[in-house]
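Residue strings, one per chain:
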Amino acid sequence: MELLVRYLDRRNSVSSDMTQDLINEETLRDDLRYYFMSPCEKYRTRRHIPWKMGVQILKIVMITTQLILFGLNNQLVVAYKEETTIALKNLFLKGYTGADEDDYSVAVYTQQAVFDSLFYILDQYSQLGQLSVGPISYAEEDGKLLPLSICKEYYRKGNLEPSDEAYDIDAHLETECMSHDPRTANMWRTQNASFFSFDFYRLVDITISFHLKGINLQTVRHRELPDCYSFHVTIIFDNQCHSGKVKLFLDIDAESNTCKDWKISGTAQKNTHYLLVFDGFVILVCITSAALCTRSIILAVKLLQRFSQFFKENFNRKVCEDDQKEFLNGWYLLVIVSDLLAIVGSILKMEIQAKSLTSYDVCSIFLGTSTLLVWVGVIRYLGYFQKYNVLILTMKAAFPKVLRFCCCAGMIYLGYTFCGWIVLGPYHEKFEGLSRVAECLFSLLNGDDMFTTFAQLKDKNILVWLFSRAYLYSFISLFIYMVLSLFIALITDSYETIKNYQRDGFPLTDLQKFLLGHKDFPVQEEIGQTEVELSNSIRHCYCCQRAPPLDDVILIS
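Residues numbered from 1 in each chain as written. Predicted model: local features only at pLDDT ≥ 70, side-chain atom pairs only at ≥ 80, totals over all residues. Heavy atoms only, no water.

An unreviewed UniProt entry annotates the protein chain as Mucolipin TRP cation channel 2 originating from Poecilia formosa. On record in UniProt, under Catalytic activity (unreviewed entry), the comment for the protein chain is "Ca(2+)(in) = Ca(2+)(out)". (UniProt positions renumbered as here; feature names shortened; annotations may be inferred.)

Considering the UniProt feature "transmembrane region" (unreviewed entry) in the protein chain
In the UniProt entry, the feature "transmembrane region" (unreviewed entry) is given for residues 274–298, 331–348, 360–382, 402–424 and 470–491. In residues 331–348, the share of helix is 100% and the share of strand is 0%. The end C-alpha atoms are 26 Å apart. For residues 470–491, the end-to-end C-alpha separation is 31 Å, with 100% helix and 0% strand making up the annotated structure. (Helix = DSSP H or I, 4+ residues; strand = E, 2+ residues; numbered from the N terminus.)

Details of empty space enclosed by the protein
All told, the structure shown has one cavity of 30 Å³ or more when counted by the stated rule. Approximately 30 Å³ is the volume attributed to the largest cavity. Forming the walls of the largest cavity are Val114, Phe200, Leu203, Ile206, Phe237, Asn239 and Val246. (1 Å grid on protein atoms, 1.4 Å probe; cavity = no way out; pocket = protein on both sides within 12 Å on 5 of 7 lines; lining within 4 Å. Points joined across faces, edges and corners; volume = space filled by probe spheres on them.)

Here we look at the nonpolar core
Residues Phe92, Phe196, Leu212, Ile235 and Phe237 are the most contacted members of the largest nonpolar core, which totals 47 residues. Once you skip the residues sitting within four places of it in the chain, Phe92 turns out to touch Tyr120, Ile121, Gln124, Tyr125, Leu128, Phe210, Ile235 and Leu250. Ala409, Cys440, Val464 and Phe475 belong to the second largest nonpolar core, which has 20 residues in total. (Core = buried A, V, L, I, M, F, W, Y, C linked by side-chain atoms within 4.5 Å. Buried < 20%, exposed > 50% of the residue type's maximum accessible area, 1.4 Å probe, protein only. Contact = heavy atoms within 4.5 Å.)

Describing the packing of helix α3 (residues 51–92) against helix α4 (residues 111–126)
Between α3 and α4, the shortest axis-to-axis distance is 8 Å and the interhelical angle comes to 115 degrees. Relative to α4, α3 is oriented roughly perpendicular. Note on element contacts: α4 touches α3 through Tyr120, Ile121, Gln124 and Tyr125, opposite Asn90, Leu91 and Phe92. Among the residues forming the contact of α3 with α4, the class breakdown is five nonpolar, two polar and no charged. (Axes fitted to C-alpha atoms, helices over the stretch in contact; angles between N-to-C directions. Parallel < 35°, antiparallel > 145°, perpendicular 65-115°, else oblique. Nonpolar A, V, L, I, M, F, W, Y, C, P; charged D, E, K, R; others polar.)

Remarks on the packing of aromatic side chains
For the structure on display, the rule yields 22 aromatic pairs. For the ring pair Tyr80 and Phe231, a centre distance of 6.2 Å and an interplane angle of 45 degrees mean the geometry is tilted. Highlighted residues: Tyr80 in helix α3 and Phe231 in strand β10 (residues 227–238), separated in sequence by 151 residues. Judged by relative accessible area, Tyr80 falls into the buried class, the value being 11%. Among the aromatic residues, ring-to-ring pairing joins Tyr413, Tyr416, Phe431, Phe467, Tyr471, Phe475 and Phe479 into one connected group. (Phe/Tyr/Trp six-rings, centres within 6.5 Å; stacked < 30°, edge-to-face > 60°.)

Structure follows, in structure tokens:
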């Protein structure tokens, strides 16, 4: 009788353990299925409101609106700087035609023209208040006008006799400067006559620099507070080449700041308050979005730990890398990065609106990048529908092969870049710098400006002209007819693979088999310590059990 009682107790205990294991397995399976469901499926299954999707939609609308508002304001700032630059070039550069000549503004070729241009700048600067039609004036510091500065740089000593092919030059450079106060405009030329005595064969350059102040009033019409600007203007007479051509450059370094004393009536200040409140709400939405995505990542890590422990205890095997990647959702990381960029950009925008900062370019980079990532993140929700996720799956399948292909093609591209720069650079404007060569070759790769690139090459040097033809024809033939065709073929092949998988079904991984309720997981036997190294080389293929090549395998969540 005692033996019968012990047998029944043992049987009930085993049955209870098996029931508990089945319950744990089904609970894990349900949690995994729910995690990989789309927001609509989660709502239909457990009536769980898709807060994360709602926050993303709201964030897209708000960040895009914020970007448009900031972009319109930034365009006004950039337009003001560009138009002020053009205005100052017309004011100070004698003979300026309204368009720069190559990389410089004006060129002069005689000694008299150099003096005329130099004196013209000084005269115009002295009469700035009567000449300029814009709100620009001299800069002041502690109630004193900041004077104009003129510096000339020249070789210490030298003697040239081109007819005798003889020269004697001391390569050390000396710099001599003078200042010019606009209030003493009538005396500066007589008081500094010796300064304007130039030995042009020793002269390297002349640099004129001065400071101006201006106010951008056009923002008032757009209900924004005007900014005050400080302009550091630099004009250079470049004679470094000593070729008989002196190039004139005018460069402006504009810095905006808050006006010290201002008064405005109307709605500009009120509108600024509304924008600050809107930016604060954008920051709040981004913080909420980042918190929800961080919570989902933490939940995914916990589920991965439970799933890995279950496989280890029941089948004595590890979860393969592809299944582990399914838990580490890259879309969540993308959303978090975009949220952080949007938060930083919104803070900078609020500071700019409050006139505490003037970093328009930095703010535009943060806001522009965050908006880009937010709109890219929308693809995640389209990926839940089979008819819309072809682009995502094709990019996943093609990316490794395309990356390897680009590495090989990039070596050839760099070779052509360096070769074109060193050989054709002195004779063709599109090959003058490495960056310009790369841009020119990329245009040729896409079929742009082919005839112009051929025609603009100077044919004075027959050897270089023949080399350029061989160079351009070989590059176009190689990259358009071979490299670009192979590049497209790689993507087309991945697309065809995805279409076949969608028709015939994707290969099932351990995770997908478990979600479907399969029980046929082979148990991995214990292996000795000496066999560990050999098993590591085939573990990945063993755990996934896939027949197709790795590049063509895609796991759908």
